Amino acid sequence: MESLIHFGKRHKIFTAMSLRKHGPMGKITDLQTSGIQRLRRFLWGYDISHYRVVVPKEMQTANVCAVTYREGGSIVSFDGKKSESGVDGLITSDCGLFLTTYARDCLVLLGVDLKRGVIFNAHAGWLGLKNRLPTALVSSLLNYGSSLADIHLWIGPTVHWQCYEFLRKDAEKLFPGYGEFVKPHESDEEKIFLDLRGICIRQLLTAGLPMGNISYSTCCTMHNQKLFSHRGGDGSGYNMAFVVGRP
Ligand SMILES: [Zn+2]
């Protein structure tokens, strides 16, 4: 268990996470919306200009792309800004660039390659996990030149498995081979409880990341009143922002 602030200090990178009190962050597809204005205000508090911020066009894909200074101040999609294809993970080696992603119950992954000074983020809900985004993130970092031993990663708050009901037939179809992360429901045979974080960590370990390099928040988004939660009743666009950067 580790907070984002502690993870950032331990690895000498900038990290920040907005809370409910900062207001909903999003929508992500339009730079002019109030969610983006709130993100700007949130970042001004850290003396970060939005021109140094890059946001992925999250669509629960397994697409990860490398970005540079040129993308500062923009939302990036997988193959150019005109495309409709989404991207759910970003990597950069540029100093002064702040990778931002949004989530409420979805998992946020962010971290650093300590040796090469590379930072990255990713965002995955159950669909992103089904599409194996964590696996794609690790292989993208390796393609970018990182070594497994140097990659240190933090997983953000999500819904506790005890609070995350899922249809049994969907879980069996979407996550074959992940039985240990499917827990029986005591009162409804058609439902199970799904351990999203467990599935995510398993995918990271299978991709070769050492367990000692993975840390995570144990907060439940549904039960922590400071956080937004889809399962807890917060609608579309009610997201926290997660920021990682090397000033
Ligand atoms: Zn909970």
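Residues numbered from 1 in each chain as written. Predicted model: local features only at pLDDT ≥ 70, side-chain atom pairs only at ≥ 80, totals over all residues.

Q: Any chance you could explain the sheet that holds strand β10 (residues 165-167) here in plain terms?
A: Backbone hydrogen bonds hold the strands of a sheet together, and the pairing may be parallel or antiparallel. Ordered by their spatial adjacency, 3 strands build an open sheet running β10-β12-β11, and the pairing between neighbours is antiparallel. Each edge of the open sheet carries a strand with a single partner, namely β10 and β11 (182-184). Strand-to-strand twist across the sheet, computed as the mean angle between neighbouring axes with direction ignored, equals 50 degrees. Of the strand pairs in this sheet, β11 and strand β12 (residues 191-194) are connected by 3 bridges, and their pairing is antiparallel. By the bridge assignment, valine 182 is partnered in β12 with leucine 194. (Pairing = 2+ DSSP bridges. Helix = DSSP H or I, 4+ residues; strand = E, 2+ residues; numbered from the N terminus. Axes fitted to C-alpha atoms, helices over the stretch in contact; angles between N-to-C directions.)

Q: Teacher, can you tell me more about helix α4 (residues 133-143) here?
A: One turn of the α-helix equals 3.6 residues, which is why residues spaced by three or four share an orientation. Buried residues of α4: Leu133, Pro134, Ala136, Leu137, Val138, Ser140 and Leu141, and no others. The first or second residue beyond α4 is glycine 145, which carries a positive phi of 110 degrees. (Buried ≥ 20, exposed ≤ 12 C-beta atoms within 10 Å, placed from the backbone.)

Q: Whenever I open this one, the pairing of strand β6 (residues 98-103) confuses me. Can you help?
A: Burial of β6 is extensive: 6 of the 6 residues sit out of reach of the surface. Neither face of β6 is open: one carries Phe98, Thr100 and Tyr102, the other Leu99, Thr101 and Ala103, and all of them are buried. Bridge analysis of strand β2 (residues 53-56) against β6 gives 2 bridges, and the strand direction is parallel. Paired with valine 54 across the strands is leucine 99, a residue of β6. The pairing of β6 with strand β14 (residues 240-245) spans 6 bridges and is classified as antiparallel. Paired with phenylalanine 98 across the two strands is glycine 245, which belongs to β14.

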